[in-house]
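Chain residues, written in single-letter form:
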Amino acid sequence: MNQLLQDLRFAFRTLLKNPGFTVVAVLALALGIGANAAIFSFVNAFLIRPLPFSQPERLVHVWGTDTRKGYDQNRVSVPEFRDWSERSRSFSALGAFNYTGETLTGQEAPERIDAGRVSANVFDLLGVEPLEGRAFLAGEDSVASSPVAVISQRFRNNRFGDEPVLGREIEINDTLYTIVGVMPDHFRFPLPTTQLWLPRLMDQEWPREQRFLQVVGRLKEGVSRQQAQQEMDRIAASLREQFPQDHADVGANVADLRSALNFAHDIIQPMSGILLAAVGFVLLIACANVANLLLSRSSARRREIALRSALGAGRARLVRQLLTESVLLSLLGALAGLAVGYLASTAMASYIPDELYRVGSIGLDGSAFLYTLGLALVTALIFGTLPSLKLSRTNLVDSLKEGSAGSGLGRSSGRLHGWLVTAEIAMAIILLVGAALMVRSFLNLQSINPGFESGPVLTATLQIPSNRYDTADKRRAFQRRLIEEVAASPQVSQAATVNYLPLNHETDGREFTILGRPASDSSARLTTAFTVSPGYFQLLEIPLLKGRLLQFSDDENAPLAGVISRTMADQHWPGADPLGAQIEVEYVPRPVTVV
């Protein structure tokens, strides 16, 4: 221990005597280590940090599948969820949920808030205790139960401050709900922005074809995901026999919960590997830089090393001293790198949408500090070992001769220096080529015409209370008035509505059949359907190729009108005119006429 402290004191004095060398080396290491710390904080939040639930390794997401439509991540119906719960033996519990937007009413202005509708057992299944009060009780997800709500800690602090909240009532969609619990701030489910949980009424009569639920399950002890999948396959087969009309092509997919909660998981995972590789190259370049600096400085230290060797210091002792200096230098670089990593991760977090599911925040936590410390030690070994070994082999006689301190690097040191420079240039070229390809890909993506104009367009998500607008006439009247009043604003030129924004990760897949086709050509096809208001195409500057656009006169008293894409026309009416054709669309009560 005394020798280690002595080595540290000597190393510290040596670095202070050479402030120029120390500053340059620390800055190089700070950039390399800081970039790695920032990317690690990103990867840690999305892919590594355990989900904030009890025994998260036993939690799974159970999707529905539809082979006819090509869906392997489909939602399920309430009757289907009940069948799964009753027949499965691989799970200690199955819970249902869906995320919604709820409207807080009963105040000066209505406020929309992200919420989760969950079965009563979801909180117990996930194993998260409320911060205050309780979770939902069995039976509170039934029609006969009094309306109750659980709120988030963030919602509590923003709306009620330090006031008691348990037993208080809040008005949601014109219905009073009693607050029975407050969930801790780290509980973000099913979306990171969720602030309110309401019971999903599981005993209400829902048709089997109405699929809107997602299912989370907890595997029993000793049951693997593969075993659960095999059981769900058997249950799906039995349901196909029992309900051939609704379950003909329907199955189940037992999936990883983390990837299911984050719809961008399949993009983030490979992107994280690319980013880690890129910053790894940056760190290696920094190590090569510092190693070159140490080699260049070694010519000035050969006399010092020779004197210490002449006084009895063995080679192992000299290597240890030189490596101690490298470790101290790397630790200083790591401290500066943490500052760089903090700034970089903070900037990175500001560009990531809140809807992307992550565990905790993107920032430097305890695991990031440990990662940075380990990185610093590895870095010290990478850039310090070769110079230390080289310097410890200093020729005693030549180095003690007068003037030899400035005699240069020597032939072997020069070769090593050349190899390091070559490796550094090679890694820099790889990084530059990769960066150039990414920039070119980004510019190519930016130049792609998506078919609509998005630049000056703003969007807002709206959900109207179903109990206040309980008929189609009321909903149509509200939509018409909304469009007219928004468009009348001095800052707005046009307004329209659509059920799904373009390029959204969620779409509305519908089966359709073309009427009048021969029986052999009348099989159901699949398309993506959007419900839009008149003015939608004009607002987004989507060009009309043929026929006409939708009008407000296309109401319930007129034939149901529809607009199709050129791709659909080319696929299903090749060389023919689709205008006037009639198609039956899934869930649409009347035939749609192509206009």
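Residues numbered from 1 in each chain as written. Predicted model: local features only at pLDDT ≥ 70, side-chain atom pairs only at ≥ 80, totals over all residues. Heavy atoms only, no water.

J.: Honestly, the pairing of strand E3 (residues 91–104) in this entry has me stumped. Any pointers?
T.: Both faces of the sheet carry side chains from a regular strand, because those side chains alternate between them. By the criterion of burial, E3 is predominantly enclosed, with 11 of the 14 residues buried. In terms of strand pairing, E3 meets strand E10 (residues 214–219) through six bridges, oriented antiparallel. When the bridges of E10 are listed, Ala 96 appears paired with Val 215. Summarising the sheet, E3 and strand E4 (residues 111–118) pair through eight bridges and their orientation is antiparallel. Each residue of the ladder has a partner; that of Thr 100, found in E4, is Ala 115. (Buried < 20%, exposed > 50% of the residue type's maximum accessible area, 1.4 Å probe, protein only. Helix = DSSP H or I, 4+ residues; strand = E, 2+ residues; numbered from the N terminus. Pairing = 2+ DSSP bridges.)

J.: What should I look at first to understand the sheet that holds strand E16 (residues 592–594) in this one?
T.: In any sheet, the strands associate via hydrogen bonds between backbone groups, in a parallel or an antiparallel arrangement. What the five strands build is an open sheet, ordered E13-E12-E15-E16-E14; its pairing is mixed. Bordering the open sheet on either side are strand E13 (525–528) and strand E14 (560–562), each of which pairs with just one other strand. With strand direction ignored, the average angle separating the axes of adjacent strands in the sheet is 45°. Summarising the sheet, strand E12 (residues 509–514) and E13 pair through four bridges and their orientation is antiparallel. (Axes fitted to C-alpha atoms, helices over the stretch in contact; angles between N-to-C directions.)

J.: What is the right way to read the side chain of Ser 142 from this model?
T.: Note on placement: Ser 142 falls in the loop between strand E5 (132–133) and strand E6 (148–152). Looking at Ser 142, the relative accessible area reads 17%, which means it is buried. When near neighbours in sequence (up to four residues on either side) are disregarded, Ser 142 contacts Leu 201 and Asp 203. (Contact = heavy atoms within 4.5 Å.)

J.: It is not clear to me how the packing of helix H3 (residues 78–87) against helix H6 (residues 225–242) should be interpreted in this structure. Could you clarify?
T.: For any two helices packed against each other, one specifies the inter-axial angle together with the distance between the axes. The interhelical angle for the contact between H3 and H6, taken along N-to-C directions, is 125°, at an axis separation of 11 Å. As judged from the angle between their axes, H3 and H6 are oblique. Between H3 and H6 the crossing geometry is right-handed. Where H3 approaches H6, its residues Asp 83, Trp 84 and Arg 87 are matched on the opposing element by Glu 231, Met 232, Ile 235, Ser 238, Leu 239 and Gln 242. Tallied by class, residues from the contact of H3 with H6 come to four nonpolar, two polar and three charged. (Parallel < 35°, antiparallel > 145°, perpendicular 65-115°, else oblique. Left-handed = near helix turned anticlockwise from the far one by under 90°. Nonpolar A, V, L, I, M, F, W, Y, C, P; charged D, E, K, R; others polar.)

J.: Explain the pattern of salt bridges to me, please; I cannot follow it from the model alone.
T.: Pairs may arise between side chains of opposite charge once their charged atoms sit close together. Overall, the coordinates contain 22 salt bridges when judged by the stated rule. Here Arg 68 makes a salt bridge to Asp 249, at a shortest N to O gap of 3.8 Å. Here Asp 249 lies in the loop between helix H7 (244–247) and strand E11 (250–256) and Arg 68 lies in the loop between strand E1 (59–66) and strand E2 (71–74), a separation of 181 residues in the sequence. One salt bridge in this structure joins Glu 511 and Arg 68, with 2.6 Å as the shortest N-O distance. Pair noted here: Glu 511 is in strand E12 and Arg 68 is in the loop between E1 and E2, with a separation of 443 residues, a long-range link. Salt bridges linked by common partners bring Arg 68, Asp 249 and Glu 511 together as one network. (Salt bridge = Lys/Arg side-chain N within 4 Å of Asp/Glu carboxyl O.)

J.: Looking at this structure, I do not really get H3. What am I missing?
T.: Each α-helix winds once per 3.6 residues, and so residues spaced three or four apart point in a common direction. Among the residues of H3, Val 78, Pro 79, Glu 80, Phe 81, Asp 83 and Trp 84 are the ones counted as buried. Buried residues in H3 make contact with E1, E3, E10, H6, H7 and E11.

J.: What is the right way to look at the packing of aromatic side chains in this model?
T.: Here a ring pair, both rings aromatic, is described through the centre-centre distance and the interplanar angle of the planes. Counted under the stated rule, the structure contains 14 aromatic pairs. Between Phe 40 and Tyr 371, the ring centres sit 4.1 Å apart and the planes meet at 5°, which makes this aromatic pair stacked. One end of the pair, Phe 40, is in helix H2 (residues 19–48); the other, Tyr 371, is in helix H11 (residues 366–392), with 331 residues separating them in the sequence. Note on Phe 40: relative accessible area 12%, which makes it buried. The exposure class of Tyr 371 is partly exposed, given its relative accessible area of 25%. Ring centres of Tyr 536 and Phe 537 lie 5.6 Å apart, and the angle between their planes is 80°; this geometry places the pair in the edge-to-face category. For Phe 537, a relative accessible area of 15% puts it in the buried group. Grouping aromatic residues by their ring pairs yields a cluster made of Phe 53, Phe 97, Phe 123, Phe 136, Phe 187, Phe 189 and Trp 197. Taking NZ or CZ as reference, Arg 480 lies 4.0 Å from the ring centre of Phe 552, over its face. (Phe/Tyr/Trp six-rings, centres within 6.5 Å; stacked < 30°, edge-to-face > 60°. Lys NZ or Arg CZ within 6 Å of the ring centre and 35° of its normal.)

J.: Help me understand the confidence of the model for the protein, please; the structure alone is not making it clear to me.
T.: One rule of thumb: low pLDDT means the predicted coordinates there are not for detailed reading. Averaged over every residue, the pLDDT of the protein is 85; residues scoring 70 or more account for 89%. Summarising per-element confidence for the protein, the mean pLDDT is lowest in helix H12 (residues 396–400) (50) and highest in E10 (97). Low confidence marks residues 402–409, where pLDDT is under 50. Its contacts with residues over four positions away, or in another chain, come to 15 contacts. (pLDDT = per-residue confidence, 0-100.)

J.: Explain the layout of surface pockets here, please?
T.: Regions of empty space are outlined by a rolling probe, equal in size to a water molecule, passed over the atoms. Taken as a whole, the second largest pocket holds about 350 Å³ of empty space. Here the lining of the second largest pocket is built from residues that sort into six nonpolar, five polar and five charged. (1 Å grid on protein atoms, 1.4 Å probe; cavity = no way out; pocket = protein on both sides within 12 Å on 5 of 7 lines; lining within 4 Å. Points joined across faces, edges and corners; volume = space filled by probe spheres on them.)

J.: Would you explain unusual backbone geometry in this entry?
T.: Leaving glycine aside, a negative phi is the common case for residues, and trans is the common case for peptide bonds. Cis geometry is adopted by the peptide bond preceding Pro 190, which originates at Phe 189 and carries an omega value of 0°. Along the chain, Pro 190 turns up in the loop between strand E8 (175–183) and strand E9 (196–199). The backbone of Asn 173 sits at a positive phi, close to 55°, despite the residue not being glycine. Relative to the elements of secondary structure, Asn 173 occurs in the loop between strand E7 (169–172) and E8. Among the residues examined, Asn 173 registers a relative accessible area of 14% and is labelled buried. Unusually for a residue other than glycine, Asp 174 sits at a positive phi of about 70°. Within the secondary structure, Asp 174 is located in the loop between E7 and E8. Owing to a relative accessible area of 31%, Asp 174 belongs among the partly exposed residues under this scheme.

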